[in-house]
Structures are given as structure tokens and as C-alpha cells.
Amino acid sequence: MTNYVFSYRVPADYRPDGETPGEWRAWFDQMGSALVDVGHAVTEYASLGEIGGSTSRMVGYSVVSADDLDSALTLAKDCPALRVGGGVEVGPVMEAAGS
């Protein structure tokens, strides 16, 4: 199994509604033991360099365990960020020597 980082992005002008926290909790629960680290929400946002345009912003991250990238993408497909026009960036964690 490999660990993958999920980076959550939403439209730059997105404001959460009252149902958002419950949706995220339900989605995290749905992942079960594949969820290695629920991560953290991001409350402020700034960037340096190219991040794919200014139409979206990062709102948080998590770490999941999956057999391969396709399996990680399957876990990401129901992410609440997708419901609001956002997305999920998915990438494997590279283990550094000595860590």
C-alpha cells in the first residue's frame, strides 16, 4: 500500500454552507481504514509560483492509503469539494531516505 496526499481545492469565491461539515465527516467515515490522516482545513490562502490559475484555492488536505493511483482516485471521487465545482489533487507520498 502507498500513501497518497489529497489536496482539496474549491472555487476562489466559495463560502461553505451549513451542511458542509457533515458532508466531509460522512465522506471521511466512508473511507474507513484507508484514511491515514484526516489532515487539516486551511483557513487562509496565499501562493507563490504557478498553481493552476487564480480561480481556485486550497481548503485542506488528507492522507489516504491505497493500492495504486487508480484506487486513490476511486476514493477521491465522492469528495465534497467536487459538489461545489472544486477538485482534488491526488499524488503519492515519496518517502525520503532516513524518514
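So, here's what we can say about the structure. (Residues numbered from 1 in each chain as written. Predicted model: local features only at pLDDT ≥ 70, side-chain atom pairs only at ≥ 80, totals over all residues. Heavy atoms only, no water.)

### Comments concerning the pattern of salt bridges
A side chain with one charge can pair with a side chain of the opposite charge if their charged atoms come near.
Next up, step 1: One pass over the structure, following the stated rule, counts two salt bridges.
Next up, step 2: The salt bridge partner of R83 is E23, with a shortest N-O separation of 2.8 Å. Pair noted here: R83 is in helix 3 (residues 80-83) and E23 is in helix 1 (residues 20-31), with a separation of 60 residues, a long-range link.
Next up, step 3: Ionic pairing is found between K77 and D78, a salt bridge with its closest N-O pair at 3.2 Å. (Salt bridge = Lys/Arg side-chain N within 4 Å of Asp/Glu carboxyl O. Helix = DSSP H or I, 4+ residues; strand = E, 2+ residues; numbered from the N terminus.)

### Side note on the sheet that holds strand 3 (residues 56-66)
Next up, step 1: The antiparallel open sheet is built from four strands, whose spatial order is 2-3-1-4. Here the strands that pair on one side only, and so sit at the sheet edges, are strand 2 (35-41) and strand 4 (87-92). Between one strand axis and the next, the sheet turns through 20 degrees on average, direction left out of account.
Next up, step 2: Pairing between strand 2 and strand 3: four bridges, direction antiparallel. Bridge assignment links A41 to a residue of strand 3, and that residue is G60.
Next up, step 3: Relative to the sheet, helix 1 contacts strand 1 (2-11), strand 2 and strand 3, its axis offset from that of strand 1 by approximately 160 degrees. (Pairing = 2+ DSSP bridges. Axes fitted to C-alpha atoms, helices over the stretch in contact; angles between N-to-C directions. Contact = heavy atoms within 4.5 Å.)

### Concerning the packing of aromatic side chains
Next up, step 1: Under the definition given, this model contains seven aromatic pairs.
Next up, step 2: The interplanar angle of 85 degrees and the centroid separation of 6.5 Å between the aromatic rings of F6 and Y8 together place this pair among those described as edge-to-face. As far as burial versus exposure is concerned, F6 and Y8 are alike and both buried.
Next up, step 3: Aromatic pair F6 and W27: ring centres 6.3 Å apart, planes at 25 degrees, arrangement stacked. Here the residue F6 occupies a position in strand 1, and W27 occupies one in helix 1, the gap between them amounting to 21 residues.
Next up, step 4: Classification of W27 as buried rests on a relative accessible area of 2%. (Phe/Tyr/Trp six-rings, centres within 6.5 Å; stacked < 30°, edge-to-face > 60°. Buried < 20%, exposed > 50% of the residue type's maximum accessible area, 1.4 Å probe, protein only.)

### Thoughts on the environment of D78
Next up, step 1: Considering the arrangement of structural elements, one finds D78 in the loop between helix 2 (69-76) and helix 3.
Next up, step 2: Residue classification places D78 among the partly exposed positions, given a relative accessible area of 38%.
Next up, step 3: Leaving out residues up to four positions away in the same chain, D78 has contacts with W27 and Q30.
Next up, step 4: Side-chain polar atoms of D78 contact the side chain of K77, separated by 3.2 Å. (Polar contact = N/O pair within 3.5 Å; in protein donor to acceptor, adjacent residues only side chain to side chain.)

### Examining the environment of R57
Next up, step 1: Tracing the backbone through its elements, the reader meets R57 in strand 3.
Next up, step 2: Of the residues examined, R57 reaches a relative accessible area of 17% and is grouped as buried.
Next up, step 3: Separated by ten residues in sequence, R57 and D67 place their C-alpha atoms 28 Å apart.
Next up, step 4: Beyond its immediate sequence surroundings of up to four residues, R57 is in contact with Y8, R9, V10, P11, A12, Y14, R15 and Y45.
Next up, step 5: Reaching out from R57, the side chain makes a polar contact with the backbone oxygen of A12 at a distance of 3.3 Å.

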